[in-house]
Amino acid sequence: MGPHPAVAAIRLAVRRVLHDLLTEHHTNTTLHAPAHALPGAPADPGAPPVPTPPTAVPPAAMPVEVRRGGSARPGAARAGSGAHEQPLVLVACSGGADSMALASALAFEAPKLGVRAGGITVDHGLQPGSDLRAEEVALRLRELGLDPVESVAVTVGREGGPEAAARDARYTALDAALERHGATAVLLGHTRDDQAETVLLGLARGSGIRSLSGMAAVSGADGRYRRPFLQLDRQTARKACMVQSLPVWDDPHNADPAYTRSRLRHEGLPALEKALGKGVVEALARTAQLSRDDADALDSWARQAEPAVRDAAGQLECAKLYALPPAVRRRILRRAAIEAGAPAGSLFARHIEEIDRLITGWRGQGAINLPGRVVARRQGGRLVIRQG
């Protein structure tokens, strides 16, 4: 008798991601290997024999001393180093049902594929006893057989609001942990329900099609973040934890109406389902994928068109920009503003619309002030975007 359908679903989702990571890892290893080490290449008489990579369950990772703040000793191994031939994949785990289900699936699937599996939990310090909670989560990850496991404390700032500040602190910690341990990727437990909420939040901001595309299955520098559960609903993850007797922690912030996403989860989405019927979450998640495909195509078009709208000195020519479709033109303007120093996270649709009016509604208006002390102005038929 096979596993419960919920358990089978989460394991299959993780297995697919691990297969993708292994394929990428082996491709990169082959590309960077010496010529004599490639399969079928003539042997180098002066070189020692190349061992065959093991296919059985990998040995446990070498212990790394990590302090509470998240610093590691210099001996931490890098991926692909002599200490470890097999890739290391980390799971980011808060102790909630989604990430605990993900951790259990990773612990089950990774050894079968010859992948080392570890975990990291981030203590945001926003609730009394959060440090003890983080240590409990780390203990559960170790009990699942994950190694290395780390609990990292972060300081959450205030920029962008509490939710954005906590997210920024969390990803900074995850980036550091990935580098510290030499991991190939970090798995995140976002589900289809999270995707639907993200789409609605983007719709409320009026940020355009890229915002409606929600979270990508693969994101971050070098594709370091992977989201295996974007096609699974939240109930599947919770059911998988229940049938495996995995203890889970429900973050009280997820039910706190002070947070926008919490209000959307407990009030907004149920109201939409009551008015429109079941299937709203699935439809929103499908919208995210369709929007992402369209946004990717438009981004590619903009990259290809940009050289043609610049003069010999690299300045943007207003007449050539005017001839482009608005969706393509605005992407070029956004890229130019970011390259000039405007922070991407602070550059909103209204900023790009104001720059666009220098192209499409020119009446001699003055310069446009952008985040990051970047200024956009029209001069002699050219669009000049620079700091100061």
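For the structure itself, consult the block above.
In this text the structure is predicted, and so the values were computed from the model without any measurement.

Participant: I keep staring at the overall build of the protein chain and nothing clicks. Help me out?
Facilitator: Helix and strand content of the protein chain: 12 helices and 10 strands. Here the protein chain holds 388 residues, and the buried ones make up 43% of them. Relative to all contacts within the protein chain whose residues are 6 or more apart in sequence, the contacts with residues 24 or more apart total 69%. A total of about 20,400 Å² of accessible surface is found on the protein chain, and carbon and sulfur atoms cover 55% of it.

Participant: In this structure, what is going on with the sheet that holds strand β3 (residues 149–153)? I would like to understand it.
Facilitator: Adjacent strands of a sheet form backbone hydrogen bonds with each other and so pair up, either parallel or antiparallel. Reading across the sheet, the 6 strands line up as β3-β2-β1-β4-β6-β5 and stay open at both edges, with mixed pairing between neighbours. Taken across any chain shown, the strands that pair with only one partner, and hence form the sheet edges, are β3 and β5 (218–219). Relative to strand β4 (residues 185–187), strand β1 (residues 88–92) runs parallel, the two sharing 3 bridges. Along β4, the bridge assignment pairs valine 91 with leucine 187. Lying over the sheet, helix α2 (residues 97–113) contacts β1, β2 (116–123) and β4, oriented at roughly 160° with respect to β1. Docked against the sheet, helix α4 (residues 162–181) engages β1, β2, β3, β4 and β6 (225–226), running at close to 145° with respect to β2.

Participant: Help me understand helix α11 (residues 326–339), please; the structure alone is not making it clear to me.
Facilitator: In an α-helix there are 3.6 residues to a turn, and that puts residues three or four apart on one side. Taking 1.5 Å per residue, 14 residues should reach 20 Å; α11 reaches 20 Å between its end C-alpha atoms and fits that length. What α11 keeps buried is the set Val328, Arg329, Arg331, Ile332, Leu333, Ala336 and Ala337. Once α11 finishes, glycine 341 follows within two positions and takes phi at roughly 120°, a positive value.

Conventions we followed
- Residues numbered from 1 in each chain as written.
- Predicted model: local features only at pLDDT ≥ 70, side-chain atom pairs only at ≥ 80, totals over all residues.
- Heavy atoms only, no water.
- Helix = DSSP H or I, 4+ residues; strand = E, 2+ residues; numbered from the N terminus.
- Buried < 20%, exposed > 50% of the residue type's maximum accessible area, 1.4 Å probe, protein only.
- Contact = heavy atoms within 4.5 Å.
- Areas by Shrake-Rupley, 256 points an atom, 1.4 Å probe, with all protein chains shown as cover.
- Pairing = 2+ DSSP bridges.
- Axes fitted to C-alpha atoms, helices over the stretch in contact; angles between N-to-C directions.
- Expected span 1.5 Å × (residues − 1).

Note that all results are geometric; they support no functional claim without further evidence.
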